[in-house]
Amino acid sequence: MKRILNIALLFAASITMVSCFNSDKPNYQYMPNMYEPVGYETYGEYAVFENVTGGSEAMLPAEGSIPRGWQPYDYPNTNEGRDLAKAELTNPLPVTQENLDKGKEMYAIYCALCHGDKGDGQGILVKNEKILGIPSYADPGRVINDGGTYHVQMYGLNSMGSYASQTNEEERWQITMHVMNLKAALEGTPPLEIVTPMEDVAEGIATMINETESHEGEEGHEGEDHENEEQH
Ligand code: HEC
């Protein structure tokens, strides 16, 4: 009888222990701070932020903040802004093979489907009649130059979208450089002249200096030896 009672007790105890067990959640949390952070959760809602953001922990950057690696772009998204960009803005990057190659690569990704690999306005979407009105870069009715090309990448133009979120400033100028070369090829004028990048020039000078110094060094050693000899 006692045994049966014991078994029944054990049974009841295990039922009680198991019955409230939820396999999705641990019943006991050891070191709960590992699971429930003391700090604010990203995008969490907290009373302390009510007056600042309406409760959300996430805040907008302070007005006038500039993301790292970005420059403010002062030309407004208007026809006047575009004209002004065309008149004033020029490509700040040196014409190097590297910049041209990168520009070409990105042009193939972002622009060629409408403007065509050659920039003649015959991209795949035009050939498939999915889009109309793509100008050739050699269109004499348009002044297509550095500033204008950069400007339309920033804001887009009618059915052309903005590329400001897909590309950074340097990339937009690299694309612009390639566009200028395409335009030159279409118009039959010579391509942009490639300059030797300053780093290469500097490197060249450094090598020259090093060579001279190592020569001088040799002589210097000889001089020291002589001095030593004299002292002896
Ligand atoms: C969806 C198709 C499409 C894509 C992709 C596209 N464009 Fe355009 N682009 C257009 C159209 C359409 C126009 C003519 C807009 C107008 O004048 O109404 C245009 C116009 C231009 C002009 C002439 C602006 C002017 O001042 O007249 C330039 C330069 C240009 N695009 C460069 C680019 C570059 C660079 C890229 C890639 C970063 C690009 N486009 C991607 C459709 C496109």
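This is a predicted model, so every value here is computed, not measured.

Rules used in this analysis
Residues numbered from 1 in each chain as written. Predicted model: local features only at pLDDT ≥ 70, side-chain atom pairs only at ≥ 80, totals over all residues. Near = placed C-beta within 6 Å. Helix = DSSP H or I, 4+ residues; strand = E, 2+ residues; numbered from the N terminus. Nonpolar A, V, L, I, M, F, W, Y, C, P; charged D, E, K, R; others polar. pLDDT = per-residue confidence, 0-100. Contact = placed C-beta atoms within 7 Å. Buried ≥ 20, exposed ≤ 12 C-beta atoms within 10 Å, placed from the backbone. Core = buried A, V, L, I, M, F, W, Y, C linked by C-beta atoms within 7 Å. Expected span 1.5 Å × (residues − 1). Arc of directions from axis to C-beta.

A. Looking closely at the site of the ligand. The ligand sits among 22 residues. The nearest are C111, C114, R142, N158 and M160. Where the shell around the ligand is concerned, the elements lending two or more residues are α5 (112-115), α7 (146-155) and α8 (169-187). Counting residues per element, the shell around the ligand draws most heavily on α7, at 4 residues. For the shell around the ligand, the class distribution of residues is 14 nonpolar, 7 polar and 1 charged.

B. Fine view of the confidence of the model for the chain. Taken over all residues, the pLDDT of the chain has a mean of 87, while the share at 70 or more is 89%. Segment residues 222-230: pLDDT under 50, and 0 contacts once partners within four positions in sequence are set aside and those in other chains are kept.

C. Representation of the environment of Q174. In this fold, Q174 is placed in helix α8. The buried category is assigned to Q174, around which 25 C-beta atoms lie within 10 Å. Residues Q174 and D101 lie 73 residues apart in sequence; the distance between their C-alpha atoms is 8.3 Å. The contacts of Q174, once residues within four sequence positions are left out, are L93, N99, K102, G103 and M106.

D. The arrangement of the environment of K130 in detail. One can find K130 in the loop between α6 (124-127) and α7. Using a count of 11 C-beta atoms within 10 Å as the deciding quantity, one classes K130 as exposed. Residues K130 and C114, 16 residues apart in the sequence, show an inter-C-alpha distance of 9.4 Å.

E. Region of interest: the nonpolar core. Core analysis: the biggest nonpolar cluster contains 15 residues, and Y107, C111, Y137, Y150, I175 and V179 have the highest contact counts within it. The dominant element in this core, judged by the number of residues it contributes, is α8, at 6 residues. Contacts of V179, omitting those with residues within four sequence positions, involve Y107, G119, Y137 and T149.

F. Seen up close, α8. End to end, α8 covers 27 Å across 19 residues, agreeing with the expected 27 Å (1.5 Å per residue, within 8%). Of the residues making up α8, those classed as buried are R172, W173, Q174, I175, T176, M177, H178, V179, M180, N181 and L182. Looking at the buried side of α8, the elements it contacts are α4 (97-110) and α7. Where α8 ends, the next residue or the one after it, G188, has phi of about 75 degrees, a positive value.

G. Structural detail: α4. Across its 14 residues, α4 extends 20 Å between first and last C-alpha, which sits within 8% of the 20 Å expected from 1.5 Å per residue. Turning to α4, its buried residues are N99, G103 and Y107. For α4, the angular spread of buried residues about the axis comes to 70 degrees, placing them on one side. α4 presents Q97, E98, D101, A108 and I109 as exposed residues on the side facing more than 90 degrees away from its buried surface.

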